[in-house]
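Report on the structure
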Amino acid sequence: MKNHFIIRLFLFIICFVHNAFPTSAQNIDSLWKIYKDKSQPDTTRFRAVRQIVLKGYMETNPDSAFYFAQVAYEFAKSKGMKKKMANSLKMMGDAVSSNNPEKALTYFRQALKICEEGGFKKIQGAIVNQIGITLFQQMNYSEALVYYQRSLEIHEELGDKRGVAASLINMGLIYRDMKDFPKALDYLNKGAALCEEIGDNLFLSNAMRSIGYIYYDQHKFAQSLQLYQRSLDIDRETGKKDRIVYDLDMMGAILSEIGDFPRAIDCQNQSLAIYKELGDQRGIADEMNGIGSIYQQQKNYAKAREYFQQSLPIYEDLDVQIMVAGSNINIGLTYVEEGDYDKAILYIRKGMGICEKIGEQSFKGNALSNIGLIYQKQGDYTHAMENYQQAYQIFEGLNYKDELATQSNRIGAVYNLLMDPKQAKKWCEKGLTWAEELGVLTSQKEACQCLYAAEKALGNGTKALEYHERMLALDDSLNATETAKKLQQMEFAKQVLADSLKNEEARLKAKMESDEKIHRESRGRNIAIVSGLFFLVLAGGFYFRWRYVKKSKAVIEKEKDRSEHLLLNILPEEVAKELKDKGESEAKDFETVTVLFTDFVHFTQAAEKLTAKELVGEINTCFKAFDEIIGKYHLEKIKTIGDAYMAAGGLHVPSTSEPKDVVLAALEMQQFILNRKAELEAQNRVGFDMRAGIHTGPVVAGIVGVKKFQYDIWGDTVNTASRMESSGEAGKVNISETTFELVKDYFNCVPRGKISAKGKGEMEMYFVES
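This report concerns the structure included in the present document. (Residues numbered from 1 in each chain as written. Predicted model: local features only at pLDDT ≥ 70, side-chain atom pairs only at ≥ 80, totals over all residues. Heavy atoms only, no water.)

Turning our eyes to something else, we now look at the overall build of the protein. The helix and strand inventory of the protein stands at 31 helices and eight strands. When burial is assessed residue by residue, the protein has 52% of its 770 residues classed as buried. Taking contacts inside the protein between residues at least 6 apart in sequence as the whole, the part at least 24 apart equals 64%. A total accessible area of about 34400 Å² is found for the protein, and carbon and sulfur atoms account for 50% of it. (Helix = DSSP H or I, 4+ residues; strand = E, 2+ residues; numbered from the N terminus. Buried < 20%, exposed > 50% of the residue type's maximum accessible area, 1.4 Å probe, protein only. Contact = heavy atoms within 4.5 Å. Areas by Shrake-Rupley, 256 points an atom, 1.4 Å probe, with all protein chains shown as cover.)

All right, on to the nonpolar core then. Within the largest apolar cluster, 193 residues are counted, with the highest numbers of intra-cluster contacts made by Phe68, Leu615 and Ile735. Here this core gets 10 residues from one element, more than from any other, and that element is helix α3 (residues 62–79). If sequence neighbours within four positions are ignored, Ile735 has contacts with Ile694, Met724, Phe740, Val743, Cys749, Glu764, Met765, Tyr766 and Val768. Among the nonpolar cores identified, the runner-up in size contains 16 residues, and Phe597, Ile638, Leu651 and Tyr711 belong to it. (Core = buried A, V, L, I, M, F, W, Y, C linked by side-chain atoms within 4.5 Å.)

Bringing the packing of helix α14 (residues 281–297) against helix α15 (residues 301–318) into the picture now. Any two packed helices are characterised by the angle at which their axes cross and by the distance between the axes. Following both chains from N to C, one finds α14 and α15 inclined at 160°, their axes separated by 8 Å at the closest point. By the criterion of interaxial angle, the relationship of α14 to α15 is roughly antiparallel. As for the relative orientation of α14 and α15, their crossing is left-handed in sense. The residues of α15 that touch α14, namely those facing Gln281, Arg282, Ile284, Ala285, Asp286, Met288, Asn289, Ile291, Gly292, Ser293, Tyr295 and Gln296, are Tyr301, Lys303, Ala304, Tyr307, Phe308, Gln310, Ser311, Ile314, Tyr315 and Leu318. (Axes fitted to C-alpha atoms, helices over the stretch in contact; angles between N-to-C directions. Parallel < 35°, antiparallel > 145°, perpendicular 65-115°, else oblique. Left-handed = near helix turned anticlockwise from the far one by under 90°.)

Tallied over the full model, the rule gives 20 aromatic pairs. For the ring pair Phe66 and Tyr107, a centre distance of 5.9 Å and an interplane angle of 50° mean the geometry is tilted. Linking Phe66 in helix α3 with Tyr107 in helix α5 (residues 101–118), this pair joins segments that are 41 residues apart in sequence. Measuring from ring centre to ring centre gives 5.9 Å for Tyr335 and Tyr347, while their planes differ by 25°; the resulting arrangement is stacked. Taken together, the positions of Tyr335 in helix α16 (residues 321–338) and Tyr347 in helix α17 (residues 341–358) put the pair 12 residues apart, joining distant regions of the chain. Over the ring of Tyr35 we find Arg45; its NZ or CZ atom is 5.3 Å from the centre of that ring. The ring of Trp427 has Lys430 sitting right over it, with the charged end atom 4.1 Å from the ring centre. (Phe/Tyr/Trp six-rings, centres within 6.5 Å; stacked < 30°, edge-to-face > 60°. Lys NZ or Arg CZ within 6 Å of the ring centre and 35° of its normal.)

On to unusual backbone geometry, then. The backbone of Asn399 sits at a positive phi, close to 60°, despite the residue not being glycine. The residue Asn399 is located in the loop between α19 (381–398) and α20 (401–417) in this model. Given the relative accessible area of 47%, Asn399 is considered partly exposed. If you check the backbone angles, Asn684 has positive phi at about 60° while not being a glycine. Relative to the elements of secondary structure, Asn684 occurs in the loop between α29 (659–681) and β4 (689–704). Asn684 gets classed as exposed once you look at its relative accessible area, which sits at 75%.

Rendered as structure tokens:
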């Protein structure tokens, strides 16, 4: 299984934007009035709209942030304020960086050019850093390092220690992701030291968290936990709740890893309380699932089931089907351990049915494997074999080598039970090969145990003895690993106690020497008690078959489950499936795609008559209606930028839409805008007019970005469709001659003759009347 015990892993890259909580609507309106007040100084007006961007919308509504950043840019340009033009371009890049990193880089580089020409060093350093962040998010590590190095040099020249610290930490993050831990630790420790020197706790928290991640990856749990605790203390001071939850979840994962289940559950409960305070239902469900998994490790199956059952209806209400499936399967697994096989199969099959419906193969494979295990426990080896074989086929398609080792060993074990040692040998040799390649000792031991039985049944005593000796050697290795883990736990226990005593001594330093002596004796007893408790917990340790807690060197990311669910909201179904199955998606050529562009006419003038809140609310109302219309005609929404909306038909495989569907959608969108404007004007409010343009032709479609996916299309067809929109008229749907030839039998189209289109020359165009 590739995603079990879930941790929300945030990538805290250091940037120079102040991520404050959103400003209230009232404050935004006040700022907007200041901007529109021409009696105010130009710098005051610019600062007002900049505040709207950064504190009003950058974190909550990127489209609105982009629009107001454009307003800031046009204002700065009209006043000849070069430095503020660069600042505005940076804000425009920040607004689109999540959905369109390439476009963001274009804006950042335009801003950088202005800074270099004007000698604006301070903002130049921030922009160079932001380019590095964007490249880092695209996993373009080598080029990102170049820009971070430039950022470092600029801030050193300026004597800006905070900027220097940010650059050092960001370079450390790159080396961390490249698994070059010595270099990563060097940069991160230098950045952390500088943060402590200048008293910047926010940046220091980022450095501590990143160093803690490296220690976690290296199984240095005591050091990792200490750093996350320090990060947690800082984040609690600053009130950053998303960071607090992350710190707590990481501490819970570490504590669970070393067997301190009570403290692990305490961390999860603290996160749960924050999510309840925020009303974040998904977060609540995830934490309940995490707590359930910890109880499952402790073999407290009734308590584990209680939490899984609490998370289930929340996931159902949120329609997070992958987690609905996972919760059902986990409930089933608790019944497996209690020997209630009828209930176990009922829940596991229910979860598997959901997996089949949504195409989630890894969960389905684990469900099949566990059903096979139930049949094996019941002595029904034929059905056990069928389920194991199906699970193997799924994991073979996914290339999950750890699961292939497990399924091979289970199939081999069943063949031994069926008195077919030849087949048992074949499958367990396969399992041993996978396990040796991955270095998984437990799977190697299972394979050797199976091969020992098979060779013994075949009369190969020498070979059987060889596998038996390997089993003993693997037992020694596993015991050595467990011993090392115990030592790690004892080290951690002593560190926890030492920290506790250090604080206690600070409070009691005025006491007499005799009290201090008693205290030292008490410390020795406490160490013995705590160490004994850790050994007691270890004695009850359990590695449950579901593998809900993934044993790997990589930190387990809580957002993976959510991203799988969200893929279908941002990518076409075929692309999402390909990305999920293969981990990548190739760009594809489409010969006949119909592209639709819409844009509001005289938007700036209309916006002048609205408050900022009214403006954003009206755009949102229109775009929500457009989304519904696009879905109705089975089209694909591509993106929105400011007040522009782009969609396309003909991108699905097989195609579920035709050019006429795009035209129908455009007509319905225009009708919505006309009706909406009439409704608003009846209330003495301002409504919009809209142009719509359509063109049909070949495009290339694929995913933009690596860490933040966006589906996009390219080609001359896209440019021509944009020209159809800009060459149209308000209230009309303007189509190209190519589109006209494809839809003329369905609509009444009025020829406009040849119209000059920017960059295209004269082109035949038509208005669709009905």
